[in-house]
Amino acid sequence: MTLIRRERQAHVEIWTLDRPDRLNALPDLEDGDAFAAACESVNADQAVRCVILTGAGRAFSAGGDLKAMKDRRDMFAGSGPEIRDRYRRVVHRIVRALYGLEVPLIAAVNGPAMGLGCDIAGLADIRIASDTASFGVPFLKLGILPGDGGAWLMPRNIGHARAAEMLFTARVLDAPTALEWGLVSRVVAPDRLMDEAMAIADEVSARAPQALRMTKALLRQGRDATFDQILEMTASMQALAHLTDDHLEGVTAALEKRSADFTGR
């Protein structure tokens, strides 16, 4: 079964983790390829301006397959070097692909997001949650550690102290606490989740697509770059943006007091 079910609505792609019988457990050995292919496809398609990621069934993603861990099979079979290599080729390929997605990513978290599932949600630019959602990184509870980059990601999303509390205690956050801690930006009723995600995606997609991708790049680089480095990147990107047809359309639309119709040129 294909992991990611993809749908297209205008300039928005909806990706659904489609393994509901296993609570969208991740990763199987082919999942790195699935995420890389989906992200590469979107990056190459200038008509796509936003992606929504959600889960089928009652979970966003339950994370690693505990039975496979116990049996030391599939991802977790073999020697230490072999397991390390699979983390690099599968888990790290997933998170690198999502981190490199050039368009804004909205996570619509419909249920439990645990372990890798929680960190995949954390890679989104915008995170909204159903009031039935929950978030946890219970690696230490299982005698392992965050092998998916979560120790780098989580402090950047919610701050060092709260990230340490989540990781060290393996505590699971309910949706209201996730909102309070800044892990998500809003919580909605389950039957409103995808409508809310789509409304945000439509608003994002109404922006000039080239400038949108460059702005996301600046936000990503801004996590680690110095202020001077960001200013230099901004000057170069801004020069390109000023020469686009979309910039002229945006200015003209503002002067004419109408909505801009951006074409990506």
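Refer to the structure above for everything that follows.
Described in the following lines is the structure provided in the data block. Nothing here was measured: the structure is a model prediction, and the numbers come from that model. (Residues numbered from 1 in each chain as written. Predicted model: local features only at pLDDT ≥ 70, side-chain atom pairs only at ≥ 80, totals over all residues. Heavy atoms only, no water.)

**A word on the nonpolar core**
Using the following cut-off: Take the buried Ala, Val, Leu, Ile, Met, Phe, Trp, Tyr and Cys residues and link them wherever side-chain atoms come within 4.5 Å; each set so joined is a nonpolar core. To sort residues, take the accessible area from a 1.4 Å probe on protein chains only and compare it with the maximum for the residue type: under 20% means buried, over 50% means exposed, and anything in between is partly exposed. A run of H or I in DSSP becomes a helix once it reaches four residues, and a run of E becomes a strand once it reaches two; helices and strands are each numbered from the N terminus. Note on definitions: a residue-residue contact is assigned when non-hydrogen atoms from the two residues lie within 4.5 Å.
Ranked by internal contacts, the top residues of the largest apolar core, which has 51 residues, are Trp-15, Phe-35, Leu-98, Val-109, Ile-120 and Phe-135. A per-element tally of this core places helix 3 (residues 80-99) first, with 6 residues. The residues contacting Val-109, other than those within four sequence positions of it, are Phe-60, Ala-121, Ile-128, Ala-129, Ser-130, Ala-133, Phe-135 and Leu-193.

**Side note on the packing of helix 9 (residues 209-221) against helix 10 (residues 227-242)**
Our working definition: Angular values range over 0 to 180 degrees, each being the angle between N-to-C directions of two axes fitted as lines to C-alpha atoms, with helices fitted over their stretch in contact. For classification purposes, angles smaller than 35 degrees are called roughly parallel, those larger than 145 roughly antiparallel, those between 65 and 115 roughly perpendicular, and all remaining angles oblique. Three classes are used: nonpolar for Ala, Val, Leu, Ile, Met, Phe, Trp, Tyr, Cys and Pro, charged for Asp, Glu, Lys and Arg, and polar for all others, with Gly counted as polar.
Contact pair helix 9 / helix 10: the axes reach a minimum separation of 11 Å and the direction vectors enclose 175°. The orientation of helix 9 relative to helix 10 falls into the category roughly antiparallel. Contact with helix 9, carried on its side by Met-214, Ala-217, Leu-218 and Gln-221, involves Ile-230, Met-233, Thr-234, Met-237 and Ala-241 of helix 10 and no other residues of that element. Of the residues contributing to the contact of helix 9 with helix 10, the split by class is 7 nonpolar, 2 polar and no charged.

**Some remarks on the packing of aromatic side chains**
For any pair of aromatic rings, the description rests on two quantities: the centre-to-centre distance and the angle between the ring planes. For clarity, the threshold we go by: Side-chain rings of Phe, Tyr and Trp (the six-membered ring for Trp) are treated as a pair once their centres are within 6.5 Å; stacked means planes under 30 degrees apart, edge-to-face means over 60, and tilted covers the remaining angles.
Summed over the entire model, instances satisfying the criterion amount to 1 aromatic pair. Look at Tyr-99 and Trp-152: their rings are 5.8 Å apart centre to centre, the planes differ by 80°, and that puts the pair in the edge-to-face class. Placement of the pair is Tyr-99 in helix 3 and Trp-152 in helix 5 (residues 150-158), with a sequence separation of 53 residues. Classification of Trp-152 as partly exposed rests on a relative accessible area of 32%.

**Looking at the sheet that holds strand 5 (residues 112-114)**
To keep things clear, this is the line we draw: Strand pairing is assigned whenever DSSP detects at least two bridges linking the two strands.
If you trace the 3 strands from one edge of the open sheet to the other, you get 5-7-8, paired in mixed fashion. Whereas interior strands pair on both sides, the edge strands pair on one side only; in this sheet they are strand 5 and strand 8 (172-174). Neighbour-to-neighbour, the strand axes of this sheet turn through a mean angle of 15°, independent of strand direction. Bridge analysis of strand 5 against strand 7 (residues 134-136) gives 3 bridges, and the strand direction is parallel. When the bridges of strand 7 are listed, Pro-112 appears paired with Ser-134.

**Examining helix 1 (residues 31-43)**
Stated precisely, the cut-off is as follows: By this rule, a helix spans an expected 1.5 Å times one less than how many residues it contains. Comment: arc refers to directions from the helix axis out to C-beta atoms.
Between its first and last C-alpha atoms helix 1 spans 18 Å; for 13 residues at 1.5 Å apiece the expected length is 18 Å, and the two agree. Every buried residue of helix 1 is listed here: Asp-31, Gly-32, Phe-35, Ala-36, Ala-38, Cys-39, Val-42 and Asn-43. Down the axis of helix 1, the buried side of the element spans an arc of 165°, and every buried residue falls inside it. In this structure, the buried residues of helix 1 make contact with strand 1 (4-9), strand 2 (12-17), strand 3 (50-55), helix 3, helix 4 (116-122) and helix 9.

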